[in-house]
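# Structural features, examined
Chain by chain, the residues:
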Amino acid sequence: MSGARIIDGKALAAKLRERVAAQVAALAGTVRPGLAVVLVGDDPASAVYVRNKNRETAAAGMASFEHRLPEDTPEAELLALVASLNRDPAVHGILVQLPLPDGIDSAKVLRAIDPAKDVDGFHPENVGALWTGAPALAPCTPRGCMTMLAEVHPDGLVGKRAVVVGRSNIVGKPMAALLLAQHCTVTLAHSRTQDLPGVCREADILVAAVGRARMVEGGWVKPGATVIDVGINRIPAAEEGRTRLVGDVDFAGASEVAGAITPVPGGVGPMTIACLLANTVTAACRLAGVAEPAVRLL
Ligand code: NDP
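Presented here is an overview of the structure given in this document.

### Section: the environment of Gly231
Examined against the element boundaries, Gly231 turns out to sit in the loop between strand E8 (226-229) and strand E9 (233-236). Here Gly231 falls in the buried class, since its relative accessible area comes to 6%. For Gly231 and Val249, which are 18 residues apart along the polypeptide, the C-alpha to C-alpha distance reads 7.8 Å. Among residues more than four places away in sequence, those in contact with Gly231 are Ala208, Val246, Gly247, Asp248 and Val264.

### Digging into the nonpolar core
In terms of nonpolar packing, the biggest core is built from 43 residues, with Leu149, Met175, Leu179, Val207, Ile228 and Val230 touching the most fellow members. Of the domains in this structure, domain 1 (31-120) and domain 2 (138-268) are the two that each give at least three residues to this core. With sequence-adjacent residues up to four places away left out, Ile228 is seen in contact with Ile7, Cys145, Met148, Leu149, Leu206, Val207, Ala208, Thr262 and Val268. Counting residues in each nonpolar core, the second largest holds 19 residues, with Ala4, Cys200, Val216 and Val221 among its members.

### With respect to the pairing of strand E2 (residues 34-40)
Along E2, seven of the seven residues are buried, which leaves the element largely enclosed by surrounding structure. By the bridge criterion, seven bridges tie E2 to strand E3 (residues 63-69) in an arrangement that is parallel. The partner of Val40 across the bridge, within E3, is Leu69. By the bridge criterion, four bridges tie E2 to strand E4 (residues 93-96) in an arrangement that is parallel. Residue pairing across strands places Leu35 opposite Gly93, the latter belonging to E4.

Conventions and cut-offs
- The residue count restarts for each chain, going from 1 along the sequence in the order it is written.
- A pLDDT threshold of at least 70 governs which residues receive local features in this predicted model, and a stricter bar of 80 or more applies before side-chain atom pairs are shown or counted, although totals over entire chains, interfaces and linings include all residues.
- Hydrogens and water molecules were not included; the side-chain quantities draw on all heavy atoms of the structure.
- The way it works is that DSSP assigns letters per residue, a run of H or I at least four long becomes a helix, a run of E at least two long becomes a strand, and they are numbered from the N terminus.
- Only protein chains enter the accessibility calculation, which uses a 1.4 Å probe; a residue whose area is less than 20% of its type maximum is buried, one above 50% is exposed, and one in between is partly exposed.
- By the convention used here, residues are in contact when the closest approach between their heavy atoms is within 4.5 Å.
- By nonpolar core is meant a set of buried Ala, Val, Leu, Ile, Met, Phe, Trp, Tyr and Cys residues that side-chain atoms within 4.5 Å join together.
- Each domain's extent is set by a domain assignment, obtained either automatically or from a database.
- Paired strands, in this sense, are two strands between which DSSP finds at least two bridges.

Right, dumping it as structure tokens:
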């Protein structure tokens, strides 16, 4: 029987989408936020993400532009598309779905996106802004995690010990930057970290972004800690030939010990697209030179 509060990502994401839709409605006549999503190739998982992004963008009342390019698209052609989206005044957010096919330099493509339209927050200018405290577009998954933490800790995170397991540019590093900005004492752990269970046991806030099914055990969790499980891992299900999703945290064990914990699925995952929409509104307002409409906060 779980003792921890389960942080409901689906419900929080729905609230965030509602807030975004209210902002979009309040901006009518001033600017209509527009998001362009570029998909190169036919990776089935990426195609599902792109479909969901377009559906949710349109549902929030924003303009949605989808660009599908074949697997063998030359890098120069993709760069030309990014340049035209940079110039398009109807587009305020540009997302190039990763991973890109072999032969295309992802870093080069991400650097080609206008930082003001970089709603994924991967451009070096936004990365630098995030670490130096300048206004930045923060990557969507870490931003979603911070929204969940704000829900559990309405009085803030000042002075808390935070451990982030995983140091990717997409999740781990920006997560550490956002926690630091909220005055946590942050440890960024990775595959070379010694005594990872001991490091994790020090955490008031434990974020797992590793990509290894149920690696973080209940015994690694400090009693009462808040556990954010970013991992999405597909494992064989009980039924023959089926699979199911689990996180990087052993949910059953950890929820006995934690104070609050995100489930997988239904935790961080749904927050990511909602934060993408929120970043697009932020970008549109900055580009239009207007303040973000102050609607009811979460
Ligand atoms: P990466 O593979 O880019 O990074 C994984 C990180 O985990 C690396 O820093 C690696 O360390 C570290 N790591 C790997 N093995 C161990 C280990 N045994 N002990 C400690 N650290 C280890 O993954 P991402 O950051 O892109 O994604 C992480 C997870 O989050 C994945 O499951 C992914 O599917 C999921 N994800 C979920 C999203 C969502 O919307 N919910 C969005 C993005 C990702 P090192 O650097 O030393 O190699």
